[in-house]
Amino acid sequence: MKKNNTVSLQEYNTFGVAVSTPLFVEIKSSLALQEKLKDEAFKDALILGGGSNILFLADLSKPVIKISIPGIRIMNETEQIAVVSAGAGVVWHDLVMWCVANNLGGIENLSLIPGLVGAAPIQNIGAYGVELSDVFYDAVCINRKTGESRIFNAEDCDFGYRDSAFKNDLKDAYVVTAVRLALTKKNHRLKTDYGNVNETLVQMGVTKPNIEDVAKAVVQIRTSKLPDPKKLGNAGSFFKNSIVPKGKCARLLLKYPNMPHYHIDGAFDKIPAGWLIEQAGFKGLKKGKVGMHDKQALVLVNYGTSSGKLLWKHAKLVMEGVEKKFGISLEPEVNLIS
Ligand SMILES: Cc1cc2nc3c(=O)[nH]c(=O)nc-3n(C[C@H](O)[C@H](O)[C@H](O)COP(=O)(O)OP(=O)(O)OC[C@H]3O[C@@H](n4cnc5c(N)ncnc54)[C@H](O)[C@@H]3O)c2cc1C
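In this report, we go over the structure that sits alongside the text.

## Describing the sheet that holds strand S4 (residues 24-27)
Now for step 1: The 3 strands lie next to each other as S4-S7-S5, forming an open sheet whose pairing is parallel. Two strands close off the open sheet at either side, each with one partner strand: S4 and strand S5 (46-48). Between one strand axis and the next, the sheet turns by 25 degrees as a mean value, whatever way the strands run.

## As for the site of the ligand
Now for step 1: Near the ligand you find 33 residues, and of these Ile 47, Gly 50, Ser 52, Gly 126 and Arg 222 are the closest.
Now for step 2: Leu 116 has a polar backbone atom sitting 2.9 Å from an oxygen atom of the ligand.
Now for step 3: Interatomic distance of 2.8 Å between a backbone N/O atom of Gly 126 and a nitrogen atom of the ligand.
Now for step 4: A total of 980 Å² of accessible area belongs to the ligand in isolation, and the protein chains cover 93% of it.
Now for step 5: Secondary structure elements with two or more residues in the shell around the ligand: S5, strand S10 (126-127), strand S14 (174-184) and strand S15 (233-237).
Now for step 6: Taken together, the residues that form the shell around the ligand break down as 17 nonpolar, 13 polar and 3 charged.

Cut-offs applied
- Residues numbered from 1 in each chain as written.
- Predicted model: local features only at pLDDT ≥ 70, side-chain atom pairs only at ≥ 80, totals over all residues.
- Heavy atoms only, no water.
- Pairing = 2+ DSSP bridges.
- Helix = DSSP H or I, 4+ residues; strand = E, 2+ residues; numbered from the N terminus.
- Axes fitted to C-alpha atoms, helices over the stretch in contact; angles between N-to-C directions.
- Near = heavy atom within 4 Å.
- Polar contact = N/O pair within 3.5 Å; in protein donor to acceptor, adjacent residues only side chain to side chain.
- Areas by Shrake-Rupley, 256 points an atom, 1.4 Å probe, with all protein chains shown as cover.
- Nonpolar A, V, L, I, M, F, W, Y, C, P; charged D, E, K, R; others polar.

Function cannot be read off these values alone, since they describe shape.
Here it is as structure tokens:
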């Protein structure tokens, strides 16, 4: 929708925040993208996928390039593995469903994650014990300055927990145009021991699950506990889980013996941010038109505001509350755009 020569982004972000951009273009091929990047007016453009991992804080002064590059195909295969290539504009869940329908295993646990394929490597999406990096083959990217195409393998991407080089050293340097995944054609390595996947499979009456069963279980779990952004504006987990030094975790455990915590490596443990937020009293707490979800404390919810600033103000309140109680600084997982 155009207003005063600007374009509203309200329907392009899952928080439903009402901000505008002076210039908006939708791109459907790598060639079109290369052409657009030559245009001086689009030099500093925001690259937008499904808008499910961003919080707009104010009207943008920069243009927006919405990536809608389509296409899914098998690029090459052996007896065991197929390398599937998907355009950056493919809806992530559609890719998962395509792979499940073609009996290609590896991303069934990532069912129903909103957003598009091109954004998946940016924060190394993950859920139910699987991360994109587990199946990542490579990504085709365009250099925003030179327009040149470059292939990034997993090492180049430097994946971490909800993190990659694209959020750090390579921030705003490349646009992902396609992602390629190495998936199993047989002897699928099912991962069902995370969250309540096993429990849900049992409830579904499944004793010998296949990848389709796992996908169905994950969809069922996610639908029952995560708010649907079409009904209630949100961007999924607003904060990352907290990675703390083992010593700090041990000290906190003396005070909070029931605190959930997971071993990361010899130096660090992970504490679920949802638990910290709940203990600090924010789970289900609504302040006017914003709040943290009542079933999933990590999810910041828009209960009817069009202001990204108001949402961010609440997120900062939560961060202060957790810092005060536990001495832990929560880190936003969502990209703040101003
Ligand atoms: C209800 C809900 C549940 C969620 N659950 C999960 C979950 O379980 N696990 C998880 O990891 N995430 C989850 N998310 C977050 C989100 O779905 C993912 O981060 C997703 O990958 C974002 O995709 P997008 O296309 O919407 O990206 P956008 O929000 O459009 O963009 C995110 C960032 O990536 C950049 N970007 C987008 N496309 C490209 C591209 N082609 N090239 C270069 N940069 C690009 C943008 O500039 C921005 O910085 C959830 C979100 C919601 C709303």
